[in-house]
Amino acid sequence: MELIEQLITSFFATAAFGILFNAPRNALVKCGFVGMTGWLVYYFLEKNTSNVVSATLAAAFVVGFISHMLAKQYRGPVIIFSVAGIIPLVPGGTFYNAMRHFVVIDYNSALSLAGRAFLISGAIAMGLVFSEALNHIYKQINSSSR
């Protein structure tokens, strides 16, 4: 039951951010699917490995990969799908808690949380970059074989 709640919530959150980012109406369901799939990967990896950073890296890679596939299939920009798709992975709560600990002068906890949030943010960026690089290599191999 928890998994179904996670999937539904991540789908609607991603689609809602697609609306905020002015994604085309016909892309909103696809954006929701991308975010839901990325969250599913994150959820399973984090549950099984307890490593948030590597789970985020893998999930961001999957989001980037699916975004490239959908952009190619529907002839649209990749950014529509990837920006909305990473929303469930963004460590907003961790950043909030880090700032809250800074305000109450608990610097040890604040620095620990801020470092964790920055590592997660870097993992999101690296996952998207890896998928972009893989797509670029694939395109070059395909264009040279023709």
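K.L.:
Where do I start with the nonpolar core in this structure?
P.N.:
As a rule of thumb, nonpolar side chains are buried together in soluble globular proteins. With 22 residues, the main nonpolar core has Val-34, Tyr-42, Phe-81, Leu-89 and Ile-124 as its most contacted residues. Secondary structure elements with two or more residues in this core: helix H2 (28–49), helix H3 (52–74), helix H4 (78–85) and helix H6 (107–144). Here the element with the most residues in this core is H3; it accounts for eight residues. When neighbours within four sequence positions are excluded, Ile-124 is seen to be in contact with Thr-56, Ala-60, Ile-86, Leu-89, Val-90 and Pro-91.

K.L.:
Hey, could you run me through H6 in this one?
P.N.:
Think of an α-helix as 3.6 residues a turn; residues three or four steps apart then line up on the same face. With 38 residues, H6 extends 54 Å between its outermost C-alpha atoms, agreeing within 8% with the 56 Å of an ideal straight helix rising 1.5 Å per residue. Among all positions of H6, only Ala-110, Ala-114, Ala-117, Ile-120, Ala-123, Ile-124, Gly-127, Ser-131 and Asn-135 are buried.

K.L.:
Explain the environment of Ile-141 to me, please; I cannot follow it from the model alone.
P.N.:
Mapped onto the elements, Ile-141 comes out in helix H6. Residue classification places Ile-141 among the exposed residues on the basis of a relative accessible area of 51%. Considered as a pair, Ile-141 and Arg-100 are 41 residues apart in the sequence and their alpha carbons are 49 Å apart.

K.L.:
What is the right way to read the packing of aromatic side chains from this model?
P.N.:
Aromatic ring pairs are reported here in terms of the distance separating the ring centres and the angle at which the planes meet. Per the stated rule, a full pass over the model turns up seven aromatic pairs. The interplanar angle of 85° and the centroid separation of 5.4 Å between the aromatic rings of Phe-11 and Phe-12 together place this pair among those described as edge-to-face. The partly exposed category is assigned to Phe-11, whose relative accessible area is 21%. Accessibility expressed as a relative area gives 52% for Phe-12, which makes it exposed. Both rings, one in Phe-95 and one in Phe-118, keep their centres 5.3 Å apart while their planes meet at 80°; by these two values the pair is edge-to-face. Note that Phe-95 is positioned in helix H5 (residues 92–103) and Phe-118 in helix H6, a separation of 23 residues in sequence. For Phe-95, a relative accessible area of 28% corresponds to the partly exposed category. Against the face of Tyr-74 rests Lys-30, its NZ or CZ located 4.3 Å from the ring centre.

K.L.:
I keep staring at the side chain of Ser-82 and nothing clicks. Help me out?
P.N.:
With respect to the element layout, Ser-82 can be found in helix H4. When its relative accessible area of 11% is taken as the criterion, Ser-82 is described as buried. When residues no more than four places from it in sequence are discounted, the contact partners of Ser-82 are Val-63, Ser-67 and Leu-128.

Parameters and conventions
Residues numbered from 1 in each chain as written. Predicted model: local features only at pLDDT ≥ 70, side-chain atom pairs only at ≥ 80, totals over all residues. Heavy atoms only, no water. Core = buried A, V, L, I, M, F, W, Y, C linked by side-chain atoms within 4.5 Å. Buried < 20%, exposed > 50% of the residue type's maximum accessible area, 1.4 Å probe, protein only. Helix = DSSP H or I, 4+ residues; strand = E, 2+ residues; numbered from the N terminus. Contact = heavy atoms within 4.5 Å. Expected span 1.5 Å × (residues − 1). Phe/Tyr/Trp six-rings, centres within 6.5 Å; stacked < 30°, edge-to-face > 60°. Lys NZ or Arg CZ within 6 Å of the ring centre and 35° of its normal.

Note that every value here comes from positions in space, so none of it alone points to a role or purpose.
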